[in-house]
Amino acid sequence: MEDKASRQALLRAIPQTGEMIETIKSRLPGLPHQMVADCVRQVLEAERRRLLKEDSPHPLGREALLEKALAEIQRRLSPSLRPVVNATGVVVHTNLGRSCLPKEAIEEILSVADRYSNLEFNLETGKRGSRYSHVEALLCELTGAEAALVVNNNAAAVLITLETLARGKEVIVSRGELVEIGGSFRIPDVMARSGAILREVGTTNRTHLRDYQAAIGPETALLMKVHRSNFQVVGFTKEVSSQELAQLAHEHGLAAVEDLGSGCFVDLSPYGLPGEPTVQEVLRAGVDIVTFSGDKLMGGPQAGLILGRAELVERIKKNPINRAVRIDKLTLAALEATLRLYRDQQRALEAIPTLRLLTMTEEEVARRARRLLRHLRRQKLPQVELGLTKVFSQVGGGALPLANLPSVAISVRPRRKSVVALEEALRRLDYPIVARIEEETLLLDVRTIKDEEFSLVSKGLREALETA
Ligand SMILES: *Cc1c(COP(=O)(O)O)cnc(C)c1O
């Protein structure tokens, strides 16, 4: 019917691609032709589809389409990966980049980034050196390990450890520790990929030493413990300690391996966090190889650390997979600088942002929250009701799942607009602010907002309220 004819007319009225491109290029000379053309086509194609799909659609005018194309150009010209304000209170936020680096690490990255370095060159002998040498001695000094190796991340550390020490052989793991860490990392799947054969023992809630003992046979290569990073089993439970497991392994001429997940060098229990065995303690308990992440509780760059007995670490180093999962020089620079800070625990707690945020007292957060609130009030924002409210921050990063850190948040209640629209507008700022909503209130947890970001947050909130 006439609908079809009128739709055809609407489609014909869409501006010409070539003409739009020329207009944009004349308004903004110097833009790369291919990108402008891409953006124009994308916008016109979306308009065409909309006109075909919607019931009685209104065509966007030429100016509106030009504006859309310019917005897309602007979007493509700005970096995709950019800083955000973390107002979620989740300290090791996996989606927001986990740990922020200490400034010492950033300086070290800068010092080697635009220059040559002795990455794999031994300055004493003038011969080829090892990239791991820059952190291995330091790791051994800090933890008491005999040897150390660093790879791209902890997933790679677990994979290469199993592939080296247990391919084609059995690895005994408790049924209570077959964890999944964020979708793609699941112990049974990683085990399968490594070529090792998973031998599950015990039950979900209780695993005894005798369960491991009964499963040991001629095919056994390793006894393995996996840290329950992101969940806890409570109630009628039993797990075998690292020490008991290592002892049992050694009695049978086997090795004990532990995937520590977050791996902390400092006991955080004096700061109100649940007590977790430190890397040093697990090694002291006799575990032969421990693996953990560099950017969880350690607070350094993304990396997978493998520490333990020299003979086993040497075998892992020689595995050809090592070359495929090795860390780059910038990471190594950041890692070395972060590790150096751990020589003085007090200094580490101050200088490493992740530790600093985790150990920040409620009083300190409250003081900072009052300061941010004053910043916000100076903005004179009649559209919202502002206040302070007690909340709990989280550790995040699949570490210490049950730890609730008492914290203080700025509560923002829009008087007329929806809180959902405000949350979205904050997320869409040039310098995005990521917040959370609880009971119709937007919460900005001040623990994870940096002092330097206070004015950004107040300007951002004003801007978001104007657009939301
Ligand atoms: C986080 C975690 C991993 C994966 O570490 P990545 O550094 O993210 O690769 C593996 N095992 C456990 C127990 C973890 O908590």
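Bear in mind that the values here come from a model prediction, so they are computed numbers and not experimental data.

A. Structural view of the UniProt feature "modified residue: N6-(pyridoxal phosphate)lysine" (unreviewed entry) in the chain. What UniProt calls "modified residue: N6-(pyridoxal phosphate)lysine" (unreviewed entry) maps, in this numbering, to K296. Counting through the fold element by element, K296 comes out in the loop between β12 (289-293) and β13 (304-308). What makes K296 buried here is its relative accessible area of 4%. Those residues in contact with K296 that sit more than four places away from it in its chain are V92, R98, S99, I181, G261, S262, T354 and G397.

B. Looking closely at the sheet that holds strand β15 (residues 405-414). An order of β2-β14-β15-β18-β17 is seen for the 5 strands of this open sheet, with the pairing classed as mixed. The sheet terminates laterally at β2 (90-92) and β17 (436-438), the two strands that pair on one side only. Strand-to-strand twist across the sheet, computed as the mean angle between neighbouring axes with direction ignored, equals 40°. Inspection of the sheet shows strand β14 (residues 384-396) paired to β15 by 10 bridges, in the antiparallel sense.

C. Quick peek at helix α17 (residues 362-378). The end-to-end C-alpha distance of α17 is 24 Å, a good match for the 24 Å that 17 residues give at a rise of 1.5 Å each. Listed in full, the buried residues belonging to α17 are E364, V365, A366, R368, A369, L372, L373 and L376. On its buried face, α17 sits against α16 (353-358), β14, β15 and α19 (454-467). Just past α17, the residue K380 takes up positive phi, approximately 50°.

D. The arrangement of the site of the ligand in detail. The ligand sits among R98, N153, N154, A155, I181, F185, H227, S229, D259, G261, S293 and K296. R98 places a polar side-chain atom, nitrogen or oxygen, 2.7 Å from an oxygen atom of the ligand. K296 is positioned such that a nitrogen or oxygen atom in its side chain is 2.8 Å from an oxygen atom of the ligand. In the complex, the protein chains occlude 94% of the 380 Å² of accessible area that the ligand would expose alone. Contributing elements (two or more residues each) for the shell around the ligand: α7 (154-166) and β11 (255-261). Counted by class, the shell around the ligand contains 3 nonpolar, 6 polar and 3 charged residues.

E. Quick look at the environment of A366. Turning to its location among the elements, A366 is positioned in helix α17. In this structure, the C-alpha to C-alpha distance between A366 and A409, residues 43 residues apart in sequence, is 8.2 Å.

F. Quick peek at the sheet that holds β13. The strand order across the open sheet built from 7 strands is β5-β13-β12-β11-β10-β6-β9, with neighbouring strands paired in mixed fashion. Two strands lie at the open edges of the sheet, namely β5 (147-151) and β9 (197-201), each paired on one side alone. Here the strands of the sheet are splayed against their neighbours by 25° on average, with no regard to which way each runs. Two elements, β5 and β13, share 5 bridges in a ladder whose sense is antiparallel.

G. Here's a closer look at the side chain of T354. Position of T354 among the secondary structure elements: in helix α16. Using a relative accessible area of 2% as the deciding quantity, one classes T354 as buried. Aside from chain neighbours lying at most four places away, what touches T354 is V91, V92, S99, C100, K296, L297 and G299.

H. Molecular detail of the pairing of β11. Summarising burial for β11: 7 of the 7 residues are buried, a large majority. Burial of β11 is two-sided: the residues A255, V257, D259 and G261 facing one way and the residues A256, E258 and L260 facing the other way are all buried. In terms of strand pairing, strand β10 (residues 220-226) meets β11 through 5 bridges, oriented parallel. Within β11, the position partnered with V226 by the bridge is D259. Of the crossover connections in this fold, the one passing from β10 over helix α10 (residues 242-251) to the parallel β11 is right-handed. Where β11 lies against β12, 4 bridges are found, and the strand directions are parallel. Paired with E258 across the strands is V290, a residue of β12. As a crossover connection, the stretch from β11 through helix α11 (residues 279-284) into β12 is right-handed.

I. Just helix α2 (residues 17-27), in detail. Of the positions making up α2, those classed as buried are M20, I21, T23 and I24. Viewed end-on, α2 has its buried residues packed into an arc of 160°, placing them on one side of the element.

J. Looking closely at the pairing of β10. Summarising burial for β10: 7 of the 7 residues are buried, a large majority. Relative to β10, strand β6 (residues 170-174) is paired through 4 bridges, and the arrangement is parallel. Pairing of I172 across the sheet is with L223, part of β10.

Procedures and definitions
Residues numbered from 1 in each chain as written. Predicted model: local features only at pLDDT ≥ 70, side-chain atom pairs only at ≥ 80, totals over all residues. Heavy atoms only, no water. UniProt positions renumbered as here; feature names shortened; annotations may be inferred. Helix = DSSP H or I, 4+ residues; strand = E, 2+ residues; numbered from the N terminus. Buried < 20%, exposed > 50% of the residue type's maximum accessible area, 1.4 Å probe, protein only. Contact = heavy atoms within 4.5 Å. Pairing = 2+ DSSP bridges. Axes fitted to C-alpha atoms, helices over the stretch in contact; angles between N-to-C directions. Expected span 1.5 Å × (residues − 1). Near = heavy atom within 4 Å. Polar contact = N/O pair within 3.5 Å; in protein donor to acceptor, adjacent residues only side chain to side chain. Areas by Shrake-Rupley, 256 points an atom, 1.4 Å probe, with all protein chains shown as cover. Nonpolar A, V, L, I, M, F, W, Y, C, P; charged D, E, K, R; others polar. Right-handed = clockwise from strand over helix to strand, strands pointing away. Arc of directions from axis to C-beta.

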